[in-house]
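Each chain, letter by letter, is given below.
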There are 2 protein chains.
Amino acid sequence: MSTLATHTGYEPALLKAARMESTGRTPLWIMRQAGRVLPEYRKVREKHSLLDICRNPELAASVTLQPLERFDVDAAIVFADIVTPLVGVGIEVELVEKVGPVIDPPVRSRGDLERLRPLEPEQDVPYMLEALRLVRAELPDEKALIGFAGAPFTLATYLIEGGPSRNYAATKAMMYSQPDLWHGLMGRLSGMVKTYLLAQAAAGAQALQLFDSWVGWLSRRDYQEYVFPYTREILSAVKAAGAPVIHFATGSGGLNEVIRESGADVVGLDWRVPLDEAWASLGAVAVQGNLDPAVLLGPPEVVREQTRDVLQRAGGRPGHIFNLGHGILPQTPLDNVMHMIDCVREWDGAHAS
Amino acid sequence: MSTLATHTGYEPALLKAARMESTGRTPLWIMRQAGRVLPEYRKVREKHSLLDICRNPELAASVTLQPLERFDVDAAIVFADIVTPLVGVGIEVELVEKVGPVIDPPVRSRGDLERLRPLEPEQDVPYMLEALRLVRAELPDEKALIGFAGAPFTLATYLIEGGPSRNYAATKAMMYSQPDLWHGLMGRLSGMVKTYLLAQAAAGAQALQLFDSWVGWLSRRDYQEYVFPYTREILSAVKAAGAPVIHFATGSGGLNEVIRESGADVVGLDWRVPLDEAWASLGAVAVQGNLDPAVLLGPPEVVREQTRDVLQRAGGRPGHIFNLGHGILPQTPLDNVMHMIDCVREWDGAHAS
């Protein structure tokens, strides 16, 4: 497609926004933009499992690029699963439809830690790195390529609970009752995530998102004691590679005053706290997100009103990246996605200096 | 048991705290204290389904009193299910083990609203009112009897989703796309909840907790537009009956500045925002909760440390009711419950004037 073939020499707006520079265009991407919301993706899924797509670099690259052919977004995010590095070191994971990743047996003892050997990206997840290289070669200069990893806490919840959870009881019980085991696990996962993100940057990822999806289920004191030191260490190591890092969590409004010290360049916001208020609590970092993905299930006038509300709260300040506050819902009508993007571009047009 | 037989003429500490008066004793109760955490309850459940217990006033009363025979708590909360009033008006609900309430078919159309006729408590839920009367007759004067209801939004999520949900997509889609239907549903549910709570007060409940368990999944603007007017209307009608009202939600830290205007006497806090900070954002109301229920899965020293942290943050100020930040987890060791209560009483002893 012609859009994808243009190499203009422009630096991606997303990277400028991550440095809090003015862009003249609100960089926009959509969490889970490559995935079940697209009929062309669902067609691929008829023949291939999710993990099969991940393991096939050409397929993963083409799925990564699908949303860019349809939508005026400013970034591609590599198609991979949060469990990719776990699978890479040999953990058996089943991705169960409508449930999520299931890990049986779960990780519950010191002996289980041996299942988490250090990640060697070029050997363990070569397909993922190759997909990044393929996408980067295709991508116009003004679009950013985002790599990502699940953060240690979020990976730990899947390993310990054996799958998704509503209350993370087994995870928290380990934290409180077996702190040595907990820190042993978090140490191994941190090493894995660090190595994984650095390899992605080397393979062409220009920004890296660390998904700590479930950390908002912790109290601030527990987050600070059991999780945050690992987050900070990873971000500090990864930033040295030069790619800006986006930290994303949901339900984490109460953690903002800790997360602001993480060293993240960009903090992803869910929809619970209004953008201006959340940004004020985060200080001098860029922000991304804030629109409830469920809004895209509403009529065009609600999409428009709530999209404009997010834009107005950001107020055109440098460092705002437009996105949803969580992954796009599979049942979202594509017309609403288009409409949301049009609203952002209209705003840009009206506010261009 | 002798504790239960004592009629001392004291006003329950919980009611004084709800008025923000000094008590000399931190009133304490535990959400879901009557239930699966107790072996004596599980024994009853071997022979009776949960809804059977609810429908048998003697059994419901005895289960309500079980935790008071074991623990030094300051209140009984009537044993009932959040769906009790829905069942009362004839909605078919199945309580599925490890899932929750399942409602099939769900409520999705204007025609479905007819299934929600007005509640007539003495005819529709006589067993619940009788259980309250039986418990009240047994309860020593210094213990409070708490009645409760699920709030309209939370009931609406079960009705619309057909059961528990992770994202409330169908509920939000109705809010945005069919506002007339949404407001029709919320109007009917509000009438039901108001009538239900007033009947509980008349039957002897001395305080009423409104559980809006899932409202923390809404953005502040959506909460304000689609839910809050109903909450305020219910609280205003119920407060006229003289019983203090406790408003409880989880993940709702971002809504505190709206909830503070609800008219609630007491606001229940989950564990995400530290108590002192949450209380400051709520202004002149009493607060309850804040200890992560998962802490009770940890070792005694963690239970002690985190219990004391909550007490210290409350700082002995009038209006603090000790509780967990969500329902007690079924797998909680009872020794830890005892230990938590001992820590509170020890604090009271050290800080009594």
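Rules behind the numbers
Residues numbered from 1 in each chain as written. Chains lettered and ligands numbered in written order. Predicted model: local features only at pLDDT ≥ 70, side-chain atom pairs only at ≥ 80, totals over all residues. Heavy atoms only, no water. Helix = DSSP H or I, 4+ residues; strand = E, 2+ residues; numbered from the N terminus. Polar contact = N/O pair within 3.5 Å; in protein donor to acceptor, adjacent residues only side chain to side chain. Pairing = 2+ DSSP bridges. Contact = heavy atoms within 4.5 Å. Axes fitted to C-alpha atoms, helices over the stretch in contact; angles between N-to-C directions. Phe/Tyr/Trp six-rings, centres within 6.5 Å; stacked < 30°, edge-to-face > 60°. Buried < 20%, exposed > 50% of the residue type's maximum accessible area, 1.4 Å probe, protein only. Lys NZ or Arg CZ within 6 Å of the ring centre and 35° of its normal. Right-handed = clockwise from strand over helix to strand, strands pointing away. Buried area = accessible area lost by both parts, 1.4 Å probe. Salt bridge = Lys/Arg side-chain N within 4 Å of Asp/Glu carboxyl O. Nonpolar A, V, L, I, M, F, W, Y, C, P; charged D, E, K, R; others polar.

Colleague: Looking at this structure, I do not really get the environment of Trp29 of chain B. What am I missing?
Modeller: Tracing the chain through its elements places Trp29 of chain B in the loop between α2 (13-18) and α3 (39-47). Within the local environment of Trp29 of chain B, its side chain forms a polar contact with the side chain of Gln288 of chain B, the two groups lying 3.0 Å apart.

Colleague: Even after reading the chapter, I still don't get the sheet that holds strand β9 (residues 320-321) of chain A, so can you show me in this structure?
Modeller: The strands making up a sheet associate through hydrogen bonds between their backbones, and the pairing can be parallel or antiparallel. Residues and elements named next belong to chain A. If you walk across this open sheet you meet the 7 strands as β1-β4-β5-β6-β7-β8-β9, and the pairing is parallel. With one partner strand each, in any of the chains shown, β1 (75-77) and β9 form the two edges of the open sheet. In the sheet, strand β6 (residues 245-248) pairs with strand β7 (residues 266-269) via 3 bridges, with the strands oriented parallel. For Phe248, the partnering residue across the bridge sits in β7 and is Gly268. Strands β4 (144-150) and β5 (207-211) of the sheet are contacted by helix α11 (residues 179-202), whose axis makes an angle of about 165° with β4.

Colleague: How should the sheet that holds strand β9 (residues 320-321) of chain B be read in this particular structure?
Modeller: Residues and elements named next belong to chain B. Read across the open sheet, the 7 strands follow the order β1-β4-β5-β6-β7-β8-β9; overall the sheet is parallel. At either margin of the open sheet sits one strand with a lone partner, and together these are β1 (75-77) and β9. Across 2 bridges, the pairing between strand β8 (residues 286-289) and β9 is parallel. Counterpart to Val287 in the pairing with β9 is His320. Sheet contacts for helix α11 (residues 179-202): β4 (144-150) and β5 (207-211); angle to β4, the most-contacted strand, approximately 165°.

Colleague: Explain the packing of aromatic side chains to me, please; I cannot follow it from the model alone.
Modeller: To describe a pair of aromatic rings, you give the distance between the ring centres and the angle between the ring planes. One pass over the structure, following the stated rule, counts 19 aromatic pairs over all chains. Relative to Phe79 of chain A, the ring of Tyr41 of chain A lies with its centre 5.5 Å away and its plane at 45°, an arrangement referred to as tilted. Here Tyr41 of chain A, found in helix α3 (residues 39-47), pairs with Phe79 of chain A, found in the loop between β1 and α6 (84-88); they are 38 residues apart in sequence, far enough to count as distant. Judged on exposure class, the residue Tyr41 of chain A and its partner Phe79 of chain A are both buried. In this structure an aromatic cluster arises from ring pairing among Tyr168, Trp214 and Trp217 of chain A together with Tyr168, Trp214 and Trp217 of chain B. Positioned above the aromatic ring of Trp214 of chain B, the side-chain terminus of Arg166 of chain A is 5.5 Å from the ring centre.

Colleague: What am I meant to see in the side chain of Gln209 of chain A here?
Modeller: All names here are of chain A. Here Gln209 lies in strand β5. With relative accessibility at 0%, the residue Gln209 sits in the buried group. Looking at Gln209, its side chain comes within polar contact range of the side chain of Gln288, at 3.2 Å. The contacts of Gln209, once residues within four sequence positions are left out, are Trp29, Met31, Ile146, Gly147, Phe148, Ala149, Ile246, Phe248 and Gln288.

Colleague: Just checking my understanding: could you explain the pairing of β5 of chain B for this structure?
Modeller: Within a regular strand, side chains alternate between the sheet's two faces. Residues and elements named next belong to chain B. Burial analysis of β5 places 5 of its 5 residues in the buried class, the great majority of the element. The pairing of β4 with β5 spans 5 bridges and is classified as parallel. Note on β5: the bridge partner recorded for Ile146 is Ala207. In this sheet, strand β6 (residues 245-248) lies alongside β5 in parallel orientation, the contact comprising 4 bridges. Within β6, the position partnered with Gln209 by the bridge is Ile246. Crossover connection from β5 via helix α12 (residues 220-239) to parallel β6: handedness right-handed.

Colleague: How do you make sense of the interface of chain B and chain A when you look at a structure like this?
Modeller: Residue-level contacts link 38 residues of chain B with 38 residues of chain A. For the chain B face of the interface with chain A, the top three residues by lost area are Tyr176, Arg221 and Arg272 of chain B, together amounting to 22%. Summed over the shared surface of chain B and chain A, the number is 8 salt bridges. Of the charged contacts, one joins Glu305 of chain A and Arg221 of chain B as a salt bridge, the two residues approaching to 2.7 Å between their closest N and O atoms. When residues of the side of chain B that touches chain A are traced back to their parent elements, those giving at least two are α10 (169-177), α12 and α15 (300-314) of chain B. Among the elements that make up the side of chain B that touches chain A, the one with the highest residue count is α10 of chain B (5 residues). By residue class, the composition of the side of chain B that touches chain A is 17 nonpolar, 10 polar and 11 charged.

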